[in-house]
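Now for the letters of each chain:
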Amino acid sequence: MTNVLVTGGAGYIGSHACKALRAAGYTPVTFDNLVTGWEDAVKFGPFEKGDLLDRARIDEVFAKYAPIAVMHFAALSQVGESMQVPGKYWRNNVVGSLNLIEAAVAADCHNFVFSSTCATYGDQDNVVLDENSAQHPINAYGASKRAIEDILRDFEASNGLNHVIFRYFNVAGADPEAEVGEHHQPETHLIPLMLDAIDGKRDALTIFGTDYETPDGTCIRDYVHVCDLVDAHVLGLKWLEKDKGSRVFNLGTGSGFSVREVIDHSRAVTNRAVPFNEGARRPGDCTKLVSGSTRAEQELGWTPTRSTLQTMIADAWKWHQTGHYDK
Ligand code: UFG
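The residue count restarts for each chain, going from 1 along the sequence in the order it is written. Local features in a predicted model are, by the rule used here, given only for residues with pLDDT of at least 70; side-chain atom pairs are given and counted only at 80 or more, and totals for whole chains, interfaces and linings are based on all residues.

K.L.:
Please clarify how the confidence of the model for the chain should be interpreted in this entry.
P.N.:
Should pLDDT be low for a region, the predicted coordinates there are not to be read in detail. Confidence scores per residue from the predictor, reported as pLDDT, run from 0 to 100. Taken residue by residue, the chain gives an average pLDDT of 95. The fraction at 70 or more is 98%. Scored as a whole, the predicted complex attains pTM 0.96, and scored at its interfaces, ipTM 0.96.

K.L.:
Even after reading the chapter, I still don't get unusual backbone geometry, so can you show me in this structure?
P.N.:
Where the residue is not glycine, phi is negative for most of them; where a peptide bond is considered, it is trans in most cases. Residue Pro186 follows Gln185 across a cis peptide bond; omega there is 0°. Counting from the N terminus, the helices are DSSP H or I runs at least four residues long and the strands are E runs at least two residues long. Within the secondary structure, Pro186 sits in the loop between β8 (170-172) and α6 (190-198). Positive phi, close to 60°, is recorded for Leu34, a residue that is not glycine. Looking at the secondary structure, you find Leu34 in the loop between β2 (26-32) and β3 (47-49).

K.L.:
Looking at this model, I keep getting lost on the sheet that holds β3. Mind explaining?
P.N.:
Whenever strands of a sheet pair, they do so through backbone hydrogen bonds, lying parallel or antiparallel. For two strands to be treated as a pair, DSSP must find no fewer than two bridges joining them. Ordered in space as β3-β2-β1-β4-β5-β7-β12, the seven strands form an open sheet in which the pairing is parallel. Pairing within the sheet leaves two strands with one partner each, and these edge strands are β3 and β12 (247-251). The average undirected angle you get between the axes of adjacent strands in this sheet is 20°. As paired strands, strand β1 (residues 2-7) and β2 are joined by six bridges and run parallel to one another. Bridging across to β2, Thr2 finds its partner in Tyr26. Together, β1, β4 (69-72) and β5 (111-117) form the strand contacts of helix α4 (residues 86-106), whose direction differs from that of β4 by roughly 170°. Together, β5 and β7 (162-168) form the strand contacts of helix α5 (residues 140-159), whose direction differs from that of β5 by roughly 155°. Axis geometry follows a simple rule: fit a line to the C-alpha atoms, using only the stretch in contact for helices, then measure angles between N-to-C directions, giving values from 0 to 180 degrees. Contact between two residues is assigned when their C-beta atoms, built from the backbone, lie within 7 Å.

K.L.:
Can you help me understand the site of the ligand in this one?
P.N.:
Each residue receives a C-beta atom built from its backbone; the residue is near a molecule or strand if that atom lies within 6 Å of it. Around the ligand, the structure places 21 residues, and the nearest of them are Ala119, His189, Leu190, Phe208 and Cys219. When residue character is reported, Ala, Val, Leu, Ile, Met, Phe, Trp, Tyr, Cys and Pro are called nonpolar, Asp, Glu, Lys and Arg charged, and the others, Gly included, polar. Across the shell around the ligand, the residue classes tally to 12 nonpolar, six polar and three charged. Taken together, domain 1 (2-172 + 223-251) and domain 2 (190-221 + 254-322) each give at least three residues to the shell around the ligand, which thus spans both. What fixes the domain bounds is an automatic or database domain assignment.

K.L.:
Hey, could you run me through α5 in this one?
P.N.:
Each turn of an α-helix holds 3.6 residues, which means side chains three or four residues apart point in the same direction. Over its 20 residues, α5 runs 28 Å from end to end, which matches the ideal 28 Å to within 8%, given 1.5 Å per residue. For the exposure call, what matters is how many other C-beta atoms sit within 10 Å of a residue's own: 20 or more marks it buried, 12 or fewer exposed, and in between partly exposed, using C-beta atoms placed from the backbone. When we look at burial in α5, the residues that qualify are Ala140, Tyr141, Gly142, Ala143, Ser144, Lys145, Arg146, Ile148, Leu152 and Phe155. Buried residues belonging to α5 abut α3 (79-84), α4, β5 and β7. Looking one or two residues beyond α5, the residue adopting positive phi is Gly160, at roughly 65°. Expected span, for any helix, means 1.5 Å times one less than how many residues it has.

What follows is the structure, given as structure tokens:
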């Protein structure tokens, strides 16, 4: 079997990536410190507990498994928190990634897939973003991810580190078989918060701002199904194995949905009322983030199959009702 080191493999996106890698014939080796991840989510390959700030531990894992590639998901990802404690984000995300990149190069592992974000583009309201759009992040989370992109470029030049950078738009949904799903602690994302509100696990959802310059006044996002997203990662890995270059890909669908539209679809999918109220804007939110790129489809042959709002909410609802993790 061919080993792939998956940092953050116990997290939401990383655990789905492990399932996709396993299905594609790879062995995903999860490296995770379990600060935000769940050991119960590690189901598709070996687990190595470790922290990216511990370089010796990373070296040990490279020596043990000799992975042919790294998929790097591990990161802190709360935009609001990143503005309150930026040092935590720069240290964990940037220093941790630098350790990982240096360890990969030292171990002669030259294929690297990196989980980046549309938050690196910043607030370019009402612009459809493609990979050449300027990157002006407006929060420390996005800035930390952009810095890691820069580090990867430098290591490509100095050490031949081939890499694929995926800039995600809003990832949603869950494994349709509900083996893994979305579970953040604390939860800040729209769809899981709404599903909790629908079945009374928490109070009504608050819409953050109804006075944006959009048709219904609420923010617009480009939602992509987590299974489609991780399929792109497997294609990116195969591209690296074959083409040995470096490339940036946006992962979105080109369709934007407002918060009110997400609420309407959730009502239709679950056949339940959505308790919500209207509140103030959340600091740091952009009006509209939509990916206009088809690069991943054209160059990787990526074809999203589950990224309709209805399917994303239905899969998330199934996971919400049947799946769970315990610490
Ligand atoms: N929203 C609400 N109420 C809530 C939660 C969210 O109205 O209780 C709204 C937000 O204002 C936003 C939309 O729902 O308009 C989506 O919010 P999420 O928190 O689900 O997602 P974000 O767009 O804020 O964040 C996502 C990723 C981040 C990434 C960011 C890029 O979760 O990691 O996109 O902007 F950085």
